[in-house]
Amino acid sequence: MHRSVLALCGLLAIACCAPARAAARVPASFFGVMADGPLLGGAPDVDLGAELRLMRSSGAGSVRLAVYWSDVQPRAGVLDWSSVDRFMAAAVAARLDVLPVVLRTPAWAAANPSDPASPPGDPATYAAFLRALIGRYGPHGTFWPANASLPRRPVREWQVWNEPDITKYWSVPGAWAPGYVRLLRAAHSAIRRADPHAKVVLAGLTNRSWIDLRRVYAAGGRRLFDVAAAHPFSRRVANVVKIVDLVRKEMRRHGDARKALLLTEVSWSSGEGHSTFNYGWETTERGQAARVRAALTALAARRARDRIAGLYWYTWLSPAIGGADSFDYGGLRRLDGAGRSVSKPALAAFRATARRLER
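Residues numbered from 1 in each chain as written. Predicted model: local features only at pLDDT ≥ 70, side-chain atom pairs only at ≥ 80, totals over all residues. Heavy atoms only, no water.

1. Quick word on the sheet that holds strand E10 (residues 333-335)
Strand order across the open sheet formed by three strands is E9-E10-E11, with mixed pairing between neighbours. Two strands in the sheet have a free side with no partner beyond their single neighbour: strand E9 (317-318) and strand E11 (341-343). Of the strand pairs in this sheet, E10 and E11 are connected by three bridges, and their pairing is antiparallel. Its bridge partner being in E11, Arg333 is matched across the sheet by Ser343. (Pairing = 2+ DSSP bridges. Helix = DSSP H or I, 4+ residues; strand = E, 2+ residues; numbered from the N terminus.)

Below, the structure is given as structure tokens:
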């Protein structure tokens with residue numbers, strides 16, 4: 001997702017890691033992609049069902065869906081499931097698992113109603129929304145009997161917020177971790193009560209993610225998540241692997257050696273020559289494709305050692321060329337000038353690498 005700071009793109013000098021000697025096989029569900037931006041609306045010529053079927057045929061077993069609380073519950077007591085229902089139906093039909101990342105506080109529940117990046121004023125309101133989501137899309141959710149023609153693929157993992165370590169998503173002055181852990185505690189309790197077998201996924205942490213994970217532990221978050229998450233952005237593939245290693249070391253240091261780790265956003269921008277709000281990691285579309293091949297191979301080789309449960313490429317579909325922000329060029333596909341979706345070389349690289357590595 002969009003953010004204002006990128007980790008380690010020329011900001012830190014960290015030792016590179018030796019590349020994996022041999023590619024490691026991974027489960028069919030290991031590789032996923034992010035669904036946000038034009039895929040979720042604003043591009044009338046984009047066929048959602050066709051896009052999700054292409055995801056599946058390209059080697060993605062899972063899709064990380066941005067569920068915007070403010071859109072689904074714009075007013076207290078009012079729940080509009082239509083957009084999420086539409087996506088879930090298309091994902092299930094395409095045989096994709098869904099990992100919802102639940103974020104963006106509606107004004108009525110925000111600590112600061114005028115700030116779209118405000119966290120909730122009361123974590124209980126977010127917890128209640130999670131219970132409603134599980135009541136709709138969990139194993140006993142009302143979505144399934146209402147869509148009886150679809151196979152049941154209930155959601156069993158829920159990611160609690162996105163990148164609270166940056167003000168783009170958590171705009172509270174000062175230390176963010178204690179407030180996020182309060183939210184995580186309420187979310188953990190709500191998820192456990194609604195579905196005792198569901199997994200609580202920590203928000204994806206970016207920038208110096210291992211240090212921010214340390215802050216979560218210091219604030220008392222250790223027992224409140226089942227799966228850790230990181231967004232290891234950097235210019236070099238070797239440094240992405242190094243970030244994963246540092247996150248895993250932090251987990252071992254705090255007694256979480258057995259917990260799984262999800263890389264809920266991995267990406268490179270193909271904005272070289274186009275974007276003006278840059279972070280130092282920009283490359284061409286061909287350069288992006290090369291990094292897809294190298295990163296997927298390197299991270300798959302570390303799957304067992306670092307207990308990596310999966311990785312999600314950010315993102316599936318980007319806006320048309322012309323945006324200022326570097327992250328507007330992260331997609332495996334993009335819109336063309338007429339609003340139609342077209343593939344970038346990165347998609348062919350993703351497909352070939354996923355098919356080579358998947359069991």
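2. Some points on the packing of helix H9 (residues 285-301) against helix H10 (residues 345-357)
The N-to-C vectors of H9 and H10 enclose an angle of 20°; their axes lie 8 Å apart at closest approach. The pairing of H9 with H10 is recorded here as roughly parallel in orientation. With respect to the hand of their crossing, H9 and H10 are arranged in right-handed fashion. The segment H9 lies against H10, with Glu285, Gln288, Ala289, Val292, Arg293, Leu296, Thr297 and Ala300 engaging Pro345, Ala346, Ala349, Phe350, Thr353, Arg356 and Leu357. Tallied by class, residues from the contact of H9 with H10 come to nine nonpolar, three polar and three charged. (Axes fitted to C-alpha atoms, helices over the stretch in contact; angles between N-to-C directions. Parallel < 35°, antiparallel > 145°, perpendicular 65-115°, else oblique. Left-handed = near helix turned anticlockwise from the far one by under 90°. Contact = heavy atoms within 4.5 Å. Nonpolar A, V, L, I, M, F, W, Y, C, P; charged D, E, K, R; others polar.)

3. A look at unusual backbone geometry
Apart from glycine, the bulk of residues carry a negative phi angle, and the bulk of peptide bonds sit in the trans form. In the segment running from Tyr314 into Thr315, the intervening peptide bond is cis, with an omega of 5°. With respect to the element layout, Thr315 can be found in the loop between strand E8 (308-313) and E9. Positive phi, normally seen in glycine, also occurs at Arg104, with a value near 70°. Summarising the element assignment, Arg104 is placed in the loop between strand E3 (97-103) and helix H4 (123-137). The phi torsion at Asn207 lies on the positive side, around 55°, for a residue other than glycine. You can see Asn207 is positioned in the loop between strand E5 (199-201) and helix H7 (209-218).

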